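Chain by chain, the residues:
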Amino acid sequence: MARWNIMARLLKGKLALVTGASGDIGSDIALLFAQEGAKVVATYAKSEDRAKELQKKGKSFGLDIWTKQLDVTQEEKIDLFFKDLDKDQFFPDIIVNTAGHSDRRIWFSKPEELTNDDWVRVYNVDVVGSFRCSVEAAKRMMERRGGCIINFSSAAGVTGHTEGLPYTAAKAALIALTKSLAFIYGPKVRVNAIAPGNIDAGSIKWYNAEQVETMKLEASLRRLGTRREVSTVALFLASDLSSYITGQTILVDGGI
Ligand SMILES: NC(=O)c1ccc[n+]([C@@H]2O[C@H](COP(=O)([O-])OP(=O)(O)OC[C@H]3O[C@@H](n4cnc5c(N)ncnc54)[C@H](OP(=O)(O)O)[C@@H]3O)[C@@H](O)[C@H]2O)c1
(Lines give C-alpha, C1' and ligand atoms only; values in the text may rest on other atoms or scores of the structure.)
Protein backbone atom coordinates (compact mmCIF):
# COMPACT_ATOMS: atom_id res chain seq x y z
CA MET A 1 0.00 0.00 0.00
CA ALA A 2 1.44 3.40 -0.97
CA ARG A 3 2.04 5.74 1.95
CA TRP A 4 1.85 9.43 1.24
CA ASN A 5 4.24 11.90 2.72
CA ILE A 6 1.93 14.88 2.95
CA MET A 7 4.87 17.23 3.45
CA ALA A 8 6.37 16.28 0.03
CA ARG A 9 5.61 18.56 -2.88
CA LEU A 10 2.97 16.80 -4.95
CA LEU A 11 4.18 17.83 -8.42
CA LYS A 12 7.93 17.78 -7.88
CA GLY A 13 9.74 17.41 -11.24
CA LYS A 14 6.56 17.66 -13.33
CA LEU A 15 6.08 19.90 -16.37
CA ALA A 16 2.64 21.50 -16.35
CA LEU A 17 0.92 23.50 -19.05
CA VAL A 18 -1.99 25.71 -17.95
CA THR A 19 -4.03 27.41 -20.67
CA GLY A 20 -6.07 30.49 -19.78
CA ALA A 21 -3.64 31.26 -16.98
CA SER A 22 -4.27 34.99 -17.31
CA GLY A 23 -7.73 34.23 -15.92
CA ASP A 24 -8.74 34.13 -12.27
CA ILE A 25 -8.78 30.36 -11.80
CA GLY A 26 -6.01 29.50 -14.28
CA SER A 27 -3.56 31.92 -12.66
CA ASP A 28 -4.19 30.42 -9.23
CA ILE A 29 -3.69 26.89 -10.61
CA ALA A 30 -0.39 27.95 -12.23
CA LEU A 31 0.79 29.41 -8.95
CA LEU A 32 -0.29 26.43 -6.83
CA PHE A 33 1.25 23.92 -9.24
CA ALA A 34 4.53 25.84 -9.22
CA GLN A 35 4.42 25.96 -5.41
CA GLU A 36 3.98 22.19 -5.49
CA GLY A 37 7.21 21.78 -7.46
CA ALA A 38 6.08 21.84 -11.11
CA LYS A 39 7.75 23.85 -13.83
CA VAL A 40 4.78 25.70 -15.35
CA VAL A 41 4.05 27.19 -18.76
CA ALA A 42 1.12 29.56 -18.28
CA THR A 43 -0.67 30.83 -21.38
CA TYR A 44 -2.75 33.91 -22.10
CA ALA A 45 -4.70 34.95 -25.18
CA LYS A 46 -5.22 38.73 -24.91
CA SER A 47 -4.39 39.64 -21.30
CA GLU A 48 -0.62 39.85 -21.48
CA ASP A 49 -0.59 42.26 -18.51
CA ARG A 50 -2.27 39.69 -16.27
CA ALA A 51 0.12 36.97 -17.43
CA LYS A 52 3.10 39.21 -16.66
CA GLU A 53 1.61 39.93 -13.22
CA LEU A 54 1.43 36.17 -12.60
CA GLN A 55 5.02 35.69 -13.74
CA LYS A 56 6.15 38.52 -11.44
CA LYS A 57 4.26 37.03 -8.50
CA GLY A 58 5.79 33.62 -9.22
CA LYS A 59 9.25 35.12 -9.41
CA SER A 60 8.78 36.89 -6.07
CA PHE A 61 8.13 33.45 -4.52
CA GLY A 62 11.10 31.94 -6.42
CA LEU A 63 8.79 29.81 -8.60
CA ASP A 64 9.29 28.45 -12.09
CA ILE A 65 6.49 30.00 -14.22
CA TRP A 66 6.97 30.94 -17.88
CA THR A 67 4.26 32.79 -19.77
CA LYS A 68 3.44 32.36 -23.46
CA GLN A 69 0.72 33.66 -25.78
CA LEU A 70 -1.71 31.09 -27.18
CA ASP A 71 -5.12 31.51 -28.77
CA VAL A 72 -6.61 28.02 -28.52
CA THR A 73 -8.93 28.61 -31.48
CA GLN A 74 -6.03 28.89 -33.93
CA GLU A 75 -5.19 25.40 -35.11
CA GLU A 76 -1.85 26.17 -36.81
CA LYS A 77 -0.69 28.33 -33.91
CA ILE A 78 -1.34 25.44 -31.50
CA ASP A 79 0.83 23.20 -33.63
CA LEU A 80 3.65 25.78 -33.64
CA PHE A 81 3.20 26.44 -29.92
CA PHE A 82 3.77 22.76 -29.06
CA LYS A 83 6.72 22.52 -31.47
CA ASP A 84 8.25 25.51 -29.67
CA LEU A 85 7.76 23.74 -26.35
CA ASP A 86 9.50 20.67 -27.84
CA LYS A 87 12.49 22.84 -28.75
CA ASP A 88 12.65 23.96 -25.10
CA GLN A 89 12.45 20.28 -24.03
CA PHE A 90 9.18 21.11 -22.30
CA PHE A 91 7.10 17.94 -22.76
CA PRO A 92 4.05 18.44 -20.54
CA ASP A 93 3.20 15.77 -17.98
CA ILE A 94 0.07 17.74 -17.10
CA ILE A 95 -2.21 20.00 -19.10
CA VAL A 96 -5.00 22.01 -17.52
CA ASN A 97 -7.39 23.48 -20.07
CA THR A 98 -8.85 26.42 -18.16
CA ALA A 99 -9.16 28.64 -21.26
CA GLY A 100 -12.86 29.35 -21.62
CA HIS A 101 -14.98 31.93 -23.35
CA SER A 102 -17.87 33.73 -21.75
CA ASP A 103 -19.49 37.07 -22.46
CA ARG A 104 -22.59 38.98 -21.45
CA ARG A 105 -24.37 38.27 -24.76
CA ILE A 106 -24.08 34.54 -24.24
CA TRP A 107 -25.32 34.76 -20.65
CA PHE A 108 -28.03 37.39 -20.88
CA SER A 109 -29.65 36.79 -24.31
CA LYS A 110 -33.02 35.08 -24.54
CA PRO A 111 -32.83 31.75 -26.44
CA GLU A 112 -34.42 33.29 -29.56
CA GLU A 113 -31.83 36.09 -29.56
CA LEU A 114 -28.85 33.71 -29.68
CA THR A 115 -27.12 33.58 -33.07
CA ASN A 116 -25.09 30.74 -34.53
CA ASP A 117 -22.03 32.90 -33.98
CA ASP A 118 -22.77 32.98 -30.22
CA TRP A 119 -22.73 29.18 -30.23
CA VAL A 120 -19.59 28.87 -32.33
CA ARG A 121 -17.66 31.49 -30.30
CA VAL A 122 -17.89 29.57 -27.06
CA TYR A 123 -17.69 26.09 -28.61
CA ASN A 124 -14.45 26.95 -30.45
CA VAL A 125 -12.64 27.91 -27.28
CA ASP A 126 -14.09 25.58 -24.68
CA VAL A 127 -14.56 22.38 -26.67
CA VAL A 128 -12.44 22.54 -29.83
CA GLY A 129 -9.61 24.47 -28.14
CA SER A 130 -9.50 22.08 -25.18
CA PHE A 131 -9.65 19.13 -27.59
CA ARG A 132 -6.80 20.35 -29.79
CA CYS A 133 -4.50 21.21 -26.87
CA SER A 134 -5.31 17.89 -25.18
CA VAL A 135 -4.44 15.90 -28.31
CA GLU A 136 -1.11 17.69 -28.78
CA ALA A 137 -0.23 17.21 -25.10
CA ALA A 138 -1.42 13.58 -25.08
CA LYS A 139 0.75 12.76 -28.10
CA ARG A 140 3.81 13.80 -26.08
CA MET A 141 2.60 12.09 -22.90
CA MET A 142 2.04 8.80 -24.78
CA GLU A 143 5.58 8.93 -26.20
CA ARG A 144 7.10 9.58 -22.81
CA ARG A 145 6.13 8.94 -19.19
CA GLY A 146 2.34 9.34 -19.45
CA GLY A 147 0.51 12.16 -17.77
CA CYS A 148 -2.82 13.72 -17.10
CA ILE A 149 -5.29 16.09 -18.70
CA ILE A 150 -7.74 18.26 -16.81
CA ASN A 151 -10.61 19.98 -18.61
CA PHE A 152 -12.76 22.79 -17.27
CA SER A 153 -16.46 22.08 -17.48
CA SER A 154 -19.07 23.78 -15.28
CA ALA A 155 -21.82 22.76 -12.86
CA ALA A 156 -24.18 24.28 -15.46
CA GLY A 157 -22.95 21.63 -17.91
CA VAL A 158 -24.10 18.92 -15.50
CA THR A 159 -27.43 20.37 -14.33
CA GLY A 160 -28.43 22.55 -17.30
CA HIS A 161 -29.24 26.23 -16.75
CA THR A 162 -31.92 28.70 -17.79
CA GLU A 163 -29.24 31.14 -19.01
CA GLY A 164 -26.03 30.87 -21.05
CA LEU A 165 -27.27 28.05 -23.29
CA PRO A 166 -24.22 27.92 -25.62
CA TYR A 167 -21.91 27.90 -22.59
CA THR A 168 -23.92 25.23 -20.81
CA ALA A 169 -24.04 22.98 -23.87
CA ALA A 170 -20.30 23.44 -24.53
CA LYS A 171 -19.50 22.53 -20.92
CA ALA A 172 -21.67 19.40 -21.22
CA ALA A 173 -19.81 18.46 -24.41
CA LEU A 174 -16.55 18.77 -22.50
CA ILE A 175 -17.73 16.12 -20.05
CA ALA A 176 -18.35 13.67 -22.92
CA LEU A 177 -15.01 14.61 -24.49
CA THR A 178 -13.27 13.97 -21.17
CA LYS A 179 -14.73 10.45 -20.96
CA SER A 180 -13.84 9.68 -24.58
CA LEU A 181 -10.25 10.89 -24.23
CA ALA A 182 -9.88 8.89 -21.00
CA PHE A 183 -10.73 5.74 -22.95
CA ILE A 184 -8.49 6.62 -25.90
CA TYR A 185 -5.39 7.60 -23.92
CA GLY A 186 -5.68 5.23 -20.97
CA PRO A 187 -3.88 3.64 -19.29
CA LYS A 188 -0.90 5.97 -19.76
CA VAL A 189 -2.84 9.19 -19.55
CA ARG A 190 -5.61 10.05 -17.10
CA VAL A 191 -8.25 12.54 -18.26
CA ASN A 192 -10.65 14.25 -15.86
CA ALA A 193 -12.76 17.38 -15.67
CA ILE A 194 -13.64 19.90 -13.01
CA ALA A 195 -17.10 21.44 -12.95
CA PRO A 196 -17.09 24.56 -10.77
CA GLY A 197 -20.32 26.10 -9.53
CA ASN A 198 -20.53 29.73 -8.43
CA ILE A 199 -16.94 30.77 -7.82
CA ASP A 200 -15.66 34.19 -6.77
CA ALA A 201 -13.93 34.53 -10.15
CA GLY A 202 -14.43 35.37 -13.82
CA SER A 203 -18.01 36.25 -14.76
CA ILE A 204 -19.11 36.85 -11.15
CA LYS A 205 -18.20 40.52 -11.76
CA TRP A 206 -21.24 40.87 -14.06
CA TYR A 207 -23.71 40.31 -11.22
CA ASN A 208 -24.93 42.81 -8.62
CA ALA A 209 -24.79 42.20 -4.86
CA GLU A 210 -28.37 40.94 -4.71
CA GLN A 211 -27.80 38.44 -7.52
CA VAL A 212 -24.62 37.23 -5.83
CA GLU A 213 -26.58 36.64 -2.59
CA THR A 214 -29.05 34.49 -4.57
CA MET A 215 -26.16 32.52 -6.07
CA LYS A 216 -24.79 31.86 -2.60
CA LEU A 217 -28.15 30.43 -1.50
CA GLU A 218 -28.15 27.99 -4.45
CA ALA A 219 -25.31 26.11 -2.74
CA SER A 220 -25.77 23.87 0.30
CA LEU A 221 -22.70 25.61 1.73
CA ARG A 222 -24.46 29.01 1.22
CA ARG A 223 -21.45 30.85 -0.18
CA LEU A 224 -19.36 31.27 -3.31
CA GLY A 225 -16.37 29.02 -3.80
CA THR A 226 -12.88 30.49 -3.79
CA ARG A 227 -10.34 30.12 -6.59
CA ARG A 228 -8.11 28.13 -4.28
CA GLU A 229 -10.95 25.67 -3.58
CA VAL A 230 -11.00 24.94 -7.31
CA SER A 231 -7.20 24.90 -7.70
CA THR A 232 -6.73 22.34 -4.94
CA VAL A 233 -9.04 19.94 -6.79
CA ALA A 234 -6.94 20.47 -9.93
CA LEU A 235 -3.87 19.69 -7.82
CA PHE A 236 -5.48 16.49 -6.55
CA LEU A 237 -6.36 15.42 -10.12
CA ALA A 238 -2.87 16.31 -11.42
CA SER A 239 -1.07 14.41 -8.68
CA ASP A 240 -0.66 10.72 -7.91
CA LEU A 241 -3.20 11.12 -5.10
CA SER A 242 -5.84 10.51 -7.79
CA SER A 243 -3.95 7.71 -9.58
CA TYR A 244 -7.07 5.48 -9.97
CA ILE A 245 -9.39 8.25 -11.16
CA THR A 246 -10.00 8.88 -14.85
CA GLY A 247 -12.90 9.89 -17.09
CA GLN A 248 -14.55 11.68 -14.17
CA THR A 249 -16.02 15.12 -13.66
CA ILE A 250 -15.62 16.50 -10.16
CA LEU A 251 -18.22 19.08 -9.15
CA VAL A 252 -16.79 21.89 -7.04
CA ASP A 253 -20.07 23.68 -6.42
CA GLY A 254 -20.67 23.76 -2.67
CA GLY A 255 -23.55 21.33 -3.17
CA ILE A 256 -25.87 23.16 -5.55
N1 LIG B 1 -15.69 31.47 -12.49
C2 LIG B 1 -16.65 30.57 -12.36
O3 LIG B 1 -17.55 30.71 -11.51
C4 LIG B 1 -16.68 29.35 -13.26
C5 LIG B 1 -17.74 28.47 -13.11
C6 LIG B 1 -17.76 27.34 -13.92
C7 LIG B 1 -16.77 27.11 -14.84
N8 LIG B 1 -15.76 28.00 -14.98
C9 LIG B 1 -14.73 27.73 -15.98
O10 LIG B 1 -13.45 27.77 -15.40
C11 LIG B 1 -12.49 28.25 -16.33
C12 LIG B 1 -11.74 29.44 -15.74
O13 LIG B 1 -12.70 30.43 -15.36
P14 LIG B 1 -12.29 31.88 -14.81
O15 LIG B 1 -13.37 32.29 -13.89
O16 LIG B 1 -10.89 31.87 -14.34
O17 LIG B 1 -12.41 32.74 -16.16
P18 LIG B 1 -11.68 34.08 -16.60
O19 LIG B 1 -11.09 34.80 -15.45
O20 LIG B 1 -12.67 34.81 -17.46
O21 LIG B 1 -10.49 33.55 -17.54
C22 LIG B 1 -10.73 33.01 -18.82
C23 LIG B 1 -9.39 32.64 -19.42
O24 LIG B 1 -9.62 32.05 -20.71
C25 LIG B 1 -8.73 32.65 -21.64
N26 LIG B 1 -9.25 32.62 -23.00
C27 LIG B 1 -10.41 33.13 -23.50
N28 LIG B 1 -10.46 32.95 -24.83
C29 LIG B 1 -9.32 32.30 -25.18
C30 LIG B 1 -8.78 31.83 -26.40
N31 LIG B 1 -9.43 31.99 -27.57
N32 LIG B 1 -7.59 31.21 -26.38
C33 LIG B 1 -6.91 31.04 -25.23
N34 LIG B 1 -7.34 31.47 -24.04
C35 LIG B 1 -8.55 32.09 -24.02
C36 LIG B 1 -8.58 34.09 -21.15
O37 LIG B 1 -7.40 34.65 -21.71
P38 LIG B 1 -7.19 36.24 -21.97
O39 LIG B 1 -7.86 36.98 -20.83
O40 LIG B 1 -5.70 36.37 -21.97
O41 LIG B 1 -7.79 36.56 -23.29
C42 LIG B 1 -8.48 33.86 -19.64
O43 LIG B 1 -7.16 33.51 -19.31
C44 LIG B 1 -13.26 28.59 -17.60
O45 LIG B 1 -13.20 27.52 -18.50
C46 LIG B 1 -14.67 28.78 -17.09
O47 LIG B 1 -15.65 28.56 -18.08
C48 LIG B 1 -15.69 29.12 -14.20
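Up top is the structure.
K.L.:
Whenever I open this one, the nonpolar core confuses me. Can you help?
P.N.:
Soluble globular proteins tend to bury their nonpolar side chains together. With 32 residues, the main nonpolar core has Ile29, Phe33, Val40, Ile65, Ile94, Val96 and Ile194 as its most contacted residues. For this core, the secondary-structure elements that each account for two or more residues are strand 1 (15-19), helix 1 (24-35), strand 2 (39-44), strand 4 (94-97), strand 5 (147-152) and helix 9 (227-238). Leave out the neighbours within four places in its chain, and Ile194 touches Ile150, Asn151, Phe152, Ser153, Ser154, Val230, Val233, Ala234, Leu237, Ile250 and Val252. Membership of the second largest hydrophobic core comes to 25 residues, among which are Ile78, Phe81, Leu85 and Leu181.

K.L.:
Could you clarify how one ought to interpret the pairing of strand 6 (residues 189-196) in this entry?
P.N.:
Regular strands show a simple pattern: their side chains alternate between the two faces of the sheet. Counting buried positions along strand 6 yields 8 of 8 residues, so the element is predominantly enclosed. Here strand 6 shows no split at all, with Val189, Val191, Ala193 and Ala195 on one side and Arg190, Asn192, Ile194 and Pro196 on the other all buried. In terms of strand pairing, strand 6 meets strand 7 (residues 249-252) through 4 bridges, oriented parallel. Bridging from a neighbouring strand, Ala193 pairs with Thr249 of strand 7.

K.L.:
Where do I start with the sheet that holds strand 1 in this structure?
P.N.:
Backbone-to-backbone hydrogen bonds join strands into a sheet, with any given pair of strands oriented parallel or antiparallel. Spatial strand order, 3-2-1-4-5-6-7: 7 strands in an open sheet with parallel pairing. With partners counted over all chains shown, the strands left at the sheet margins are strand 3 (65-69) and strand 7, one partner each. Strand after strand, the sheet turns through a mean of 20° between neighbouring axes, direction not considered. As judged from the 5 bridges shared by strand 2 and strand 3, these two strands associate in the parallel manner. Bridge pairing links Tyr44 to Gln69 in strand 3. Each of strand 2 and strand 3 touches helix 2 (residues 48-60); the most contacted strand, strand 3, lies at about 170° to it.

K.L.:
I tried to follow the site of the ligand on my own but got confused; where do I start?
P.N.:
In the vicinity of the ligand there are 27 residues, among which Ser22, Ile25, Ala45, Lys46 and Ser47 approach most closely. Gly20 is positioned such that a nitrogen or oxygen atom in its backbone is 3.1 Å from an oxygen atom of the ligand. Across the complex, the protein chains shield 85% of the 910 Å² of accessible surface that the ligand would expose by itself. At the level of elements, helix 1 and helix 7 (165-185) are the ones that each hand at least two residues to the shell around the ligand. Of the residues contributing to the shell around the ligand, the split by class is 12 nonpolar, 11 polar and 4 charged.

K.L.:
Teacher, can you tell me more about helix 9 here?
P.N.:
An α-helical segment advances 3.6 residues per turn. Residues three or four places apart therefore align on the same side. In this model, helix 9 (12 residues) spans 16 Å end to end at C-alpha, consistent with the 16 Å of a helix rising 1.5 Å per residue. Three or more residues of helix 9 are buried, namely Val230, Ser231, Val233, Ala234, Leu235, Leu237 and Ala238.

K.L.:
Teacher, can you tell me more about unusual backbone geometry here?
P.N.:
Residues other than glycine predominantly adopt negative phi, and peptide bonds predominantly adopt the trans conformation. Put simply, Gly186 and Pro187 share a cis peptide bond, and its omega is 0°. Counting through the fold element by element, Pro187 comes out in the loop between helix 7 and strand 6. Positioned with a positive phi, Gln89 is a non-glycine residue whose angle comes to about 60°. With respect to the helices and strands, the residue Gln89 is situated in the loop between helix 3 (75-87) and strand 4. The backbone phi angle of Arg222 is positive, close to 55°, even though this residue is not glycine. Note that Arg222 resides in the loop between helix 8 (209-218) and helix 9. Of the residues examined, Arg222 reaches a relative accessible area of 52% and is grouped as exposed.

Conventions adopted
- Residues numbered from 1 in each chain as written.
- Predicted model: local features only at pLDDT ≥ 70, side-chain atom pairs only at ≥ 80, totals over all residues.
- Heavy atoms only, no water.
- Core = buried A, V, L, I, M, F, W, Y, C linked by side-chain atoms within 4.5 Å.
- Buried < 20%, exposed > 50% of the residue type's maximum accessible area, 1.4 Å probe, protein only.
- Helix = DSSP H or I, 4+ residues; strand = E, 2+ residues; numbered from the N terminus.
- Contact = heavy atoms within 4.5 Å.
- Pairing = 2+ DSSP bridges.
- Axes fitted to C-alpha atoms, helices over the stretch in contact; angles between N-to-C directions.
- Near = heavy atom within 4 Å.
- Polar contact = N/O pair within 3.5 Å; in protein donor to acceptor, adjacent residues only side chain to side chain.
- Areas by Shrake-Rupley, 256 points an atom, 1.4 Å probe, with all protein chains shown as cover.
- Nonpolar A, V, L, I, M, F, W, Y, C, P; charged D, E, K, R; others polar.
- Expected span 1.5 Å × (residues − 1).

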